[in-house]
Every structure is written in C-alpha cells, then in structure tokens.
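Understanding the architecture of this molecule
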Amino acid sequence: MIDTMKNIKVTKTEQSKWDSVDWENLPFGRVFSDHMLVMDYIDGEWKTPEIVPFSDLKLHPATSAIHYGQSIFEGLKAYRNTHGEVVIFRPDMNAKRFRASCKRMCMAELPEELFLKCVEATVNVDSKWIPNKEGYSLYIRPFLFATDDYIGIKPSDNYKFMIFTCPVGAYYSEPLKVKIEEYYTRAAAGGVGRAKTAGNYAASLYPAKLGKEEGYHQLVWTDAKEHKYIEESGTMNIMFVKDGVLITPAEDADTILPGITKRSVIELAQDWGMKVQERQIEVKEIIEGVANGSITEAFGAGTAATIAPIKIIGYKGTDYELPAVERREFSNKVYKYLDDIKLGKVEDKFNWIFNVSEK
Ligand SMILES: *Cc1c(COP(=O)(O)O)cnc(C)c1O
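Secondary-structure assignment places Glu 267 in helix H5 (residues 260-271). The spacing of Glu 267 and Phe 350 is 83 residues in sequence and 9.1 Å in space, taken between C-alpha atoms. In contact with Glu 267, not counting residues within four places along its chain, are Arg 90 and Trp 352.

Written out as structure tokens, the structure is:
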C-alpha cells in the first residue's frame, strides 16, 4: 500500500516503558507509547521525518503557535483485528481533513501521502502498544504547529509536524446527559469551526465547565446568530433518528467539523436503505420530537467514542429523556457494524480499512 519507512529515519528507544503500564486501567490520553515522529517544515520544504524516543520538546518562548494559535491536529485509531493485523480506519479522510485545516489556518499544507506514510510508520514502530483487548485501541495524534520565533503577526514560515500515540480503553462509560447551549458558541459562519484547530477547543472549555456544574457531560452547540439550530455536541457530531429517518445538521455553514465517523454512519445508513437527511435542524424540532416520541435515538459520533448514546437533553431548565439505549435499533447496529469492520469480523466492502501490518 504505502511505502513505509522509506526516507523515515528511525531511532529506537533503549528503554521501553511498556512494562511499567497498568494495562487494566488505561486513562484516556495519559499513557504514551515509546516513540514519536517529528518532521520540520523549514525554508519552504518538509525535511526528513524522524521517529525518535518519546521526549519533551525544547521551544523558543516566542514560538508563534503559543501566541497566535496556528496549531491543528487530527485524531484517529489503530486496532489489532481478529486476524492479528494492524489496521487503521479511513486515515485517508484524516489526511484530507488535515490538509484542509492547514489551508484554513494559513499553514504549510502537508501532502496527504506524506501524512499517511508518517502515520503508518509511527504506528508500526510502536505496534506492540496496540492493546489486544476488546474496546481498546491505539489513539493516534498527528499535529502541526507554527515554530517561528517571532511575535509579529503573520503566518509562520516554519512548522513542526509531529505524531504520538496513546493506548486507550473505552471513552465514555455511560449514556450522555447533554445541554443545549443558548448563550455561548463554538463557531460562527465564516470562522474556523470547520478546522480541527486548537483554539476551537480552548473556546469551548468555559461553557462546557458551566454545563458540567449543572450536571451535564457535554453541550450541544447551536448556531452563533440565533441559537436556533443544532450544530454538534462537545467534540462529536450529533445525529438523531426521527420517524425512522437519520437526521444530522448539514455542514455547509463552515461551523461544523466534518467528522469521519458521522460520514461513515451516513454511508452505512444509506447502504442499509435508510433515509438520511443532512439539513438544518431546529432546536424546537428536537425538543418536540423527544417529547412526542418521534425522535427515538440521539447520539454523538466521533473517533474517540465512535457512537456515544445521548440519554438526556436539557433545554431551558427541563430535561427531556430519550428511550433506553437497549431499544435503539439503529445506533446499536451501526456501533456493532463499525466495530466488526475494524476488527475484521465483517467484509470491508467500502474499503475503509487500511492494513498497515509490516510485510
Ligand atoms: C474530531 C471532531 C469530531 C469528530 O470527527 P471524527 O472524524 O469522527 O473523529 C467532531 N466534532 C469536533 C469538534 C471534532 O473536533
């Protein structure tokens, strides 16, 4: 598939941390594999990618990403399937989205082939870190940030691309209680909501904290102008089943992150003959639908959780409850199917799986 390792310089660690990990209790994003990939962009070109032992970075205090936020990332997962192979779910989509984020943030655009090659090599060098356990995987975090040591405001000339990986267990343990946010916003039309850029997450923390204080796991973001339309939930896209139709907010206002999990759910639903609508969804439609029973399922879709069932939607002080998770035919089916595809239990008829096992 992709010509691994060629041109990538690999320096392996002499002291693996693998033995010191408590594999029974893996907190999300706190355990890091032995190696990381680093590739600089200097003088208008990508330098040789290097895989080195995981370590701290040394940064100039004026590093422009810290001051002005030219910083983007991706999130994807590698699995060990039932045949013992190392597979990644749709990394070509992450490569494409990463390049789109580069463009929007005025950063050096990383070619998709190079992104894929770097991801593959990083996963391979630490393939023993992919937990061989149901529900577990190796989370892959590619990121790019501006490295000019200059505090004038302009696009940086230099960048650093990196990838590290984290073995992870299940992301959410219980169905979500979410609140429809009516004051704060995540993204406005014409802004950077479509890019996976650092600042979007910084901006969401304070409103999310207020929501947590009221007992909600996540917020459901609404449009910045009128707070009338549903956008997404926390760091996941949001989807509903209403009268048997899969509905999800349309991406065209540039305010919604174009999720790969969501896209896959849509493609599966269509393949199964279910009607799908990507359109504007009014908050009112959701609240009324949950209250009158026409909305039978609500869930977040994203790489970290895959499908995260929503149990309660809070709106203007009232909690609206959805049917029990066991009764949700579509989301349970789609969750299982996505799991089965990744684990090689069903045929990968959509060509979503990249087998990156070393030959
Ligand atoms: C990453 C992300 C998603 C989900 O995208 P996936 O490709 O499915 O992981 C949704 N919303 C936001 C804001 C995100 O950052």
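The next thing to look at is the packing of aromatic side chains. Where two aromatic rings form a pair, the distance of their centres and the angle of their planes describe that pair. With the rule as written, the count across this model stands at 21 aromatic pairs. Seen in terms of ring centroids, Phe 350 and Trp 352 are 4.5 Å apart; in terms of plane orientation they differ by 20°. Their pairing is stacked. Of the residues examined, Phe 350 reaches a relative accessible area of 23% and is grouped as partly exposed. Overall, Trp 352 belongs to the buried group, its relative accessible area being 2%. Through pairs of rings, three or more aromatic residues link up here, namely Phe 32, Phe 54, Phe 143, Phe 145 and Phe 164. The side chain of Lys 333 reaches across the aromatic face of Trp 272, ending 4.1 Å from its centre. Over the face of the ring belonging to Phe 89 we find Lys 342, whose NZ or CZ atom lies 5.0 Å from the ring centre.

This part covers the nonpolar core. With 56 residues, the main nonpolar core has Trp 46, Val 123, Leu 144 and Phe 161 as its most contacted residues. Residues within four places of Leu 144 in sequence aside, it is in contact with Trp 46, Gln 70, Ser 71, Ile 72, Phe 98, Cys 102, Met 107, Ala 108, Tyr 159, Lys 160 and Phe 161.

A few words now on the domain arrangement of the protein chain. You can read the domains of the protein chain as domain 1 (4-168) and domain 2 (176-342). Here domain 1 and domain 2 have C-alpha centroids that lie 27 Å from each other. On the side of domain 2, 20 residues touch domain 1, which itself brings 19 residues to the contact. Contact between domain 1 and domain 2 buries roughly 1800 Å² in total, counting both sides, with carbon and sulfur atoms accounting for 61%. Considering only the surface of domain 1 that becomes buried against domain 2, Phe 73, Phe 89 and Arg 97 emerge as the three largest contributors, covering 34% of it. The tally of links between domain 1 and domain 2 comes to one salt bridge. One salt bridge in this structure joins Arg 90 and Glu 267, with 3.3 Å as the shortest N-O distance. Residue assignment for the side of domain 1 that touches domain 2 shows that the elements contributing at least two residues are strand S5 (71-73), strand S6 (76-80), strand S7 (86-89) and helix H2 (91-104). Residue contributions to the side of domain 1 that touches domain 2 peak at five residues, all from H2. For the side of domain 1 that touches domain 2, the residue count by class is eight nonpolar, six polar and five charged.

Counted under the stated rule, the structure contains 22 salt bridges. Between Lys 242 and Glu 285 there is a salt bridge whose closest N-O contact spans 3.0 Å. Here Lys 242, found in strand S13 (residues 236-242), pairs with Glu 285, found in helix H6 (residues 283-292); they are 43 residues apart in sequence, far enough to count as distant. Overall, the relative accessible area of 17% leaves Glu 285 in the buried class. Through salt bridges with shared partners, one network takes in Arg 194, Glu 251, Lys 262, Arg 263 and Glu 278.

Moving on to the environment of Gly 191. When you line up the elements, Gly 191 lands in the loop between strand S10 (176-180) and helix H4 (198-213). Classification of Gly 191 as partly exposed rests on a relative accessible area of 23%. Between the C-alpha atom of Gly 191 and that of Asp 254, which follows or precedes it by 63 residues, the distance is 7.1 Å.

This part covers the packing of H5 against helix H7 (residues 329-342). One can describe the packing of H5 onto H7 by two numbers: an axis separation of 11 Å at closest approach and a directional angle of 110°. Between H5 and H7, the interaxial angle falls into the category roughly perpendicular. Along its contact with H5, which presents Ser 264, Val 265, Leu 268 and Ala 269, the element H7 presents Phe 330, Val 334, Tyr 337 and Leu 338. By residue class, the composition of the contact of H5 with H7 is seven nonpolar, one polar and no charged.

This part covers empty space enclosed by the protein. This structure, assessed with the given rule, holds one cavity of 30 Å³ or more. Taken as a whole, the largest cavity spans an internal volume of roughly 120 Å³. Forming the walls of the largest cavity are 13 residues, and the residues nearest its centre are Tyr 79, Phe 89, Thr 261, Thr 303 and Lys 342. If you list the elements that add at least two residues to the lining of the largest cavity, you get S6, H5 and H7. Per element, the largest residue contribution to the lining of the largest cavity is three residues, and it comes from S6. By residue class, the composition of the lining of the largest cavity is five nonpolar, six polar and two charged.

Turning to the environment of Gly 75, a few remarks are in order. The residue Gly 75 is located in the loop between S5 and S6 in this model. Linking Gly 75 and Ala 304, residues 229 residues apart in sequence, is a C-alpha distance of 7.9 Å. In this structure, Gly 75 is in contact with Asn 94, Tyr 139, Ile 140, Pro 142, Lys 196 and Thr 303, ignoring residues within four places of it in sequence.

Time to look at the side chain of Arg 90. When you line up the elements, Arg 90 lands in the loop between S7 and H2. Residue Arg 90 is classed as buried on the basis of its relative accessible area of 8%. Within the structure, the side chain of Arg 90 is placed 3.3 Å from the side chain of Glu 267, a separation counted as a polar contact. Contact partners of Arg 90, with chain neighbours within four places excluded, come to Ile 260, Arg 263, Ser 264, Glu 267 and Trp 352.

Conventions and cut-offs
- Residues numbered from 1 in each chain as written.
- Predicted model: local features only at pLDDT ≥ 70, side-chain atom pairs only at ≥ 80, totals over all residues.
- Heavy atoms only, no water.
- Helix = DSSP H or I, 4+ residues; strand = E, 2+ residues; numbered from the N terminus.
- Contact = heavy atoms within 4.5 Å.
- Phe/Tyr/Trp six-rings, centres within 6.5 Å; stacked < 30°, edge-to-face > 60°.
- Buried < 20%, exposed > 50% of the residue type's maximum accessible area, 1.4 Å probe, protein only.
- Lys NZ or Arg CZ within 6 Å of the ring centre and 35° of its normal.
- Core = buried A, V, L, I, M, F, W, Y, C linked by side-chain atoms within 4.5 Å.
- Domains from an automatic or database assignment.
- Buried area = accessible area lost by both parts, 1.4 Å probe.
- Salt bridge = Lys/Arg side-chain N within 4 Å of Asp/Glu carboxyl O.
- Nonpolar A, V, L, I, M, F, W, Y, C, P; charged D, E, K, R; others polar.
- Axes fitted to C-alpha atoms, helices over the stretch in contact; angles between N-to-C directions.
- Parallel < 35°, antiparallel > 145°, perpendicular 65-115°, else oblique.
- 1 Å grid on protein atoms, 1.4 Å probe; cavity = no way out; pocket = protein on both sides within 12 Å on 5 of 7 lines; lining within 4 Å.
- Points joined across faces, edges and corners; volume = space filled by probe spheres on them.
- Polar contact = N/O pair within 3.5 Å; in protein donor to acceptor, adjacent residues only side chain to side chain.

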